[in-house]
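Working through the structure, step by step
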Amino acid sequence: MKSLRVIVPLAVTALLTVLSVYSAMWLTGLVPDGPWVDLLKAAIVIFIIGAAVISIAWSAYFTYIIRTTVERLVSK
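What this report covers is the structure whose coordinates are included nearby. (Residues numbered from 1 in each chain as written. Predicted model: local features only at pLDDT ≥ 70, side-chain atom pairs only at ≥ 80, totals over all residues. Heavy atoms only, no water.)

1. Let's talk about the packing of helix 1 (residues 4-29) against helix 2 (residues 37-75)
- The N-to-C vectors of helix 1 and helix 2 enclose an angle of 165°; their axes lie 10 Å apart at closest approach. When the axes of helix 1 and helix 2 are compared, the pair comes out roughly antiparallel. Handedness of the crossing formed by helix 1 with helix 2: right-handed. In contact with Arg5, Val12, Thr13, Leu16, Ser20, Ser23, Ala24, Leu27 and Thr28 of helix 1, helix 2 contributes Lys41, Ile44, Val45, Ile48, Ala52, Ser55, Ile56, Ser59 and Arg67.
- The class makeup of the residues in the contact of helix 1 with helix 2 is 9 nonpolar, 6 polar and 3 charged. (Axes fitted to C-alpha atoms, helices over the stretch in contact; angles between N-to-C directions. Helix = DSSP H or I, 4+ residues; strand = E, 2+ residues; numbered from the N terminus. Parallel < 35°, antiparallel > 145°, perpendicular 65-115°, else oblique. Left-handed = near helix turned anticlockwise from the far one by under 90°. Contact = heavy atoms within 4.5 Å. Nonpolar A, V, L, I, M, F, W, Y, C, P; charged D, E, K, R; others polar.)

What follows is the structure, given as structure tokens:
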């Protein structure tokens, strides 16, 4: 059970990282040619990286809240 506390967040982080890399590659490939192409691609990559970091942080916080709640209920 102790290793599960490490494996689950690690797996979620790895999955979110892989999904964000593939979605960034896919979305930057959809940008049409033009004078603003580099700015649009950079904005897409920054948005996807930011969303991934926020979701990883939220996942860690949610896991912490669930763990403390379960520990509090078990200790009663």
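2. Concerning the environment of Thr63
- With respect to the helices, strands and loops of the structure, Thr63 is situated in helix 2.
- Sequence separation between Thr63 and Val8 is 55 residues, and the spatial gap between their C-alpha atoms is 9.6 Å.
- Of note is the side chain of Thr63, whose polar atom sits 2.8 Å from the backbone oxygen of Ser59. (Polar contact = N/O pair within 3.5 Å; in protein donor to acceptor, adjacent residues only side chain to side chain.)

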